[in-house]
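Read off the chains here:
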Amino acid sequence: MQWLLKGTVAQLQSIARSIGSNTGGKKDVLRSHVLENLQRDRFILSNGSKKSCLDHHRIVSIDMGIRNLAMCTVVIPNNWTSGQTRTLPVVEDWERIAISKRSPAETSSDDAVKSTSKEAFDPQTFAQHAYDLVTKYILPKKPTQILIERQRFRSMGGSAVQEWTLRVNMFEAMIYATLKSFSELKLWHGSVYPVAPSKVSKLWLGNDNDQSEKLSTTKGSKTKMAKIAVVRDWLSARQRFEVQGAAADIARAYRAKLNGRARKAKLNQAAVAEGDHVHLDVGKLDDLADCMLQAMAWIQWEENRKAYLSSQDIDMDISIGTHREMRGSRMPK
């Protein structure tokens, strides 16, 4: 890969963004990051099993939270990028889960007591929450790859560490520990990966297009709305993935809530006519969007990595344009 030696810092950063690599550092550091990530197959299991042994991969993507955890399950065939056509991933599940409502000691109480019980945030309670999440929600989906949104310790560069941030970080660590225990005991065979939200945002929002570039560097609600809009466009175009099963209801409700102008009665009437049920209250759309963007980024990074490896040479003068092309629904030729 002699083309790596020809790239400028900006060009190497563009390639790094397209494969989910770190984009910081001087040229030699960037080149090292890119080379390392080009050699890393994201669909080889932690035990060294080759993906050719599997008919398909099941990705469970988790957007971390305590009251607003979101999760989706995406299934792709082993040879999804082989041949002239690209097989679309299938989204089977897509849901939000309220983890913390009450402590385990209170779960046996009657409904009246439950309704007034306070949330508990002690380690013992969260250990039970982590175990319940893994055994009741994650492992039943039979994942081969689990993607967990990497949590930060500080927000907006502030020096203070918020109490709620510590709670989510504690819960994140317990999920990893629980999954590791199941893996070591040979009760589950798969891999767990942390995913930095900034890398996902740079892939889907970072663009030479002026509007997308502004959105990628804007904090707060504009960035959230941009992410929500990306997933909305995917659902409308139906070119990046297929939605089946329970996820189809969530997808319809996602679009309905985002439109926000249609009357509930009209939506329910249309759902009955189609023989479907629309869950109108899907909660926060940004959580649902984040877990979907994360799963699709993981797949896209692997597509881009394969494309770079299959290229004998790359014109570094158009590397940024190539990065933009690679984010599309098909691999570059």
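Residues numbered from 1 in each chain as written. Predicted model: local features only at pLDDT ≥ 70, side-chain atom pairs only at ≥ 80, totals over all residues. Heavy atoms only, no water.

1. Observations concerning the overall build of the chain
Using the following cut-off: Only DSSP runs of H or I reaching four residues or more are called helices, and only runs of E reaching two or more are called strands; each is numbered from the N terminus. Using a 1.4 Å probe on the protein chains alone, a residue whose accessible area is under 20% of its type maximum counts as buried, one over 50% counts as exposed, and one in between counts as partly exposed. By definition in these notes, contact holds between two residues if any of their heavy atoms fall within 4.5 Å. Reported accessibility uses the Shrake-Rupley method at a 1.4 Å probe radius. Residues are deemed covered only where the shown protein chains occlude them.
If you tally the helices and strands in the chain, you get 12 helices and six strands. Taken over 333 residues, the chain has a buried fraction of 45%. Put simply, of all contacts in the chain between residues at least 6 apart along the chain, 70% involve residues at least 24 apart. Here the chain displays about 17,300 Å² of accessible surface, and carbon together with sulfur accounts for 50% of that area.

2. Some remarks on the packing of helix α8 (residues 221-237) against helix α11 (residues 285-310)
Note the threshold: Where helices are involved, their axes are fitted lines through C-alpha atoms of the stretch in contact, as for all axes, and angles between N-to-C directions lie from 0 to 180°. Here a crossing is called left-handed whenever its near helix is offset anticlockwise from the far helix by less than a right angle, and right-handed whenever the offset is clockwise. Polarity classes work like this: nonpolar for Ala, Val, Leu, Ile, Met, Phe, Trp, Tyr, Cys and Pro, charged for Asp, Glu, Lys and Arg, and polar for all others, with Gly in that last group.
Their axes nearest at 9 Å, the elements α8 and α11 cross at an angle of 65°. You can see that α8 and α11 cross each other, and the crossing is left-handed. Facing α8, whose interface residues are K224, K227, I228, V230, V231 and W234, α11 presents L285, D286, A289, D290, M292, L293 and M296. Residues belonging to the contact of α8 with α11 are distributed by class as follows: nine nonpolar, no polar and four charged.

3. Quick look at the sheet that holds strand β3 (residues 90-97)
This is how the line gets drawn: Two strands are said to pair when DSSP picks up at least two bridges between them.
The sheet built from six strands is open, its strands ordered β5-β4-β1-β2-β3-β6 with mixed pairing. The outermost strands of the open sheet, each flanked by one partner alone, are β5 (191-195) and β6 (242-243). Together, β2 (69-77), β4 (145-149) and β5 form the strand contacts of helix α5 (residues 163-184), whose direction differs from that of β4 by roughly 165°.

4. Observations regarding the pattern of salt bridges
Note the threshold: In the sections that follow, a salt bridge refers to a side-chain nitrogen of Lys or Arg positioned within 4 Å of a carboxyl oxygen of Asp or Glu.
Scanning the entire structure with this criterion turns up 12 salt bridges. A salt bridge links K141 to D93; the nearest nitrogen and oxygen atoms lie 3.7 Å apart. Taken together, the positions of K141 in the loop between α4 (123-138) and β4 and D93 in strand β3 put the pair 48 residues apart, joining distant regions of the chain. Salt-bridge contacts for R305 lead to E302; the nearest nitrogen and oxygen are separated by 2.8 Å. Highlighted residues: R305 and E302, both in helix α11, separated by three residues, approximately one helical turn. Of the residues examined, R305 reaches a relative accessible area of 6% and is grouped as buried. Each of D41, E302 and R305 takes part in salt bridges that share partners, so that together they form one network.

5. Thoughts on the confidence of the model for the chain
Counted only if it meets this: Per-residue confidence from the prediction method is given by pLDDT, with values spanning 0 to 100.
When the pLDDT values of the chain are averaged, the result is 79; 71% of them are 70 or greater. For the chain, per-element mean pLDDT is lowest for helix α7 (residues 210-216), which scores 41, and highest for β4, which scores 97. Within the model, pLDDT remains below 50 along residues 315-325, and this stretch shows 22 contacts once partners closer than five positions in the same chain are excluded.

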